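Reading the structure
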Amino acid sequence: MTSASNGTTRSLAAQAAAETIGRLQAGYRHSLPPAIAAVARLRREAGRDPHATPTSWGLDDLEALTRLRDLASRQEEDDATKPFLYQDRVRREAQEEREDRAVHLAVTLWALHQQSLREEPMHVSGWTLGRAARRLAEGRTGSRDRVGDEDSGPDTAAEEGTRPKAVPDADLSPAVRKRFVRVGGSTDFDTLGVRLRELVLLLRTARIPLDYGRLADQLDRWQQVAFQAGVRREWGRGFHRVHAPSTDPATADASD
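Parameters and conventions
- Residues numbered from 1 in each chain as written.
- Predicted model: local features only at pLDDT ≥ 70, side-chain atom pairs only at ≥ 80, totals over all residues.
- Heavy atoms only, no water.
- pLDDT = per-residue confidence, 0-100.
- Contact = heavy atoms within 4.5 Å.
- Axes fitted to C-alpha atoms, helices over the stretch in contact; angles between N-to-C directions.
- Helix = DSSP H or I, 4+ residues; strand = E, 2+ residues; numbered from the N terminus.
- Parallel < 35°, antiparallel > 145°, perpendicular 65-115°, else oblique.
- Left-handed = near helix turned anticlockwise from the far one by under 90°.
- Nonpolar A, V, L, I, M, F, W, Y, C, P; charged D, E, K, R; others polar.

1. A few points about the confidence of the model for the chain
The predicted coordinates ought not to be read in detail in places where the model reports low pLDDT. Per-residue confidence for the chain averages 83 on the pLDDT scale, and 77% of its residues sit at or above 70. This stretch, residues 249-256, has a pLDDT under 50; its non-local contacts, to residues over four places away or in other chains, come to 25 contacts.

Right under this line is the structure:
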């Protein structure tokens, strides 16, 4: 299953990451010991290849992906008219390896992002990588816009029908923009993971959320050279797009 440009079809990587993080995020924010322990283990695996070390075996990050993959496989097996060729097996193994890496990186990055934050979720549907990086570059914090002073007063933008003043590109933080450009300029998956980690740590400090289901899908596609340019365009468009003010408390405890 692949993602369509209109978002109507979601990849297995997107579904698995959103489902896994949604479940863990709800437990973590409610201080449930199993979720706290699971998130701590995932944080320690950030930046490592899935399955490469025994410490990664049995973690929560790939459980949902395995279940969704098995379900899809059984549905294919029910179609007795479709022959299964050797090249199909090779193609499937390569696809599963990409999905494993994408989901593992997305879930472990979220575990870093959510660390010590209980008041609000850091996985929120709709907060694309470009959108989150733009907000960080504008010097804003959190996910909700305010009227007037960004650092004081209630969150009343929607109530008063106003929109925070747009920050011109020339006034964006050069340091944040440089980090975001470095992410887009990554030439291999390991480098991409390191640079995303650096950006996520900045987002955590600013309490700006990220849509990790969308990110997992993009990481899955990025690993195929033919789709890298398209993923980069999505990141760039998100960075330059004008987003409506967000005033609702984040509600991504369930899968997005």
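2. Some details on the packing of helix α5 (residues 129-137) against helix α9 (residues 225-240)
Axis separation between α5 and α9 bottoms out at 7 Å; the angle between their running directions is 40°. Of the possible angle classes, the one that applies to α5 and α9 is oblique. For α5 against α9, the interelement crossing comes out right-handed. Between α5 and α9, the contacting residues are Leu129, Gly130, Arg131, Ala133, Arg134 and Ala137 on the first element and Trp235, Gly238, Phe239 and His240 on the second.

3. Concerning the packing of helix α6 (residues 174-184) against helix α7 (residues 189-206)
Between α6 and α7, the shortest axis-to-axis distance is 9 Å and the interhelical angle comes to 150°. The orientation of α6 with respect to α7, classified from their angle, is roughly antiparallel. Crossing of α6 over α7 shows left-handed handedness. Packed against α6, whose contacting residues are Arg179, Phe180, Arg182 and Val183, the element α7 presents Leu192, Arg195, Leu196, Glu198, Leu199 and Leu202 at the interface. For the contact of α6 with α7, a count of residues per class yields six nonpolar, no polar and four charged.

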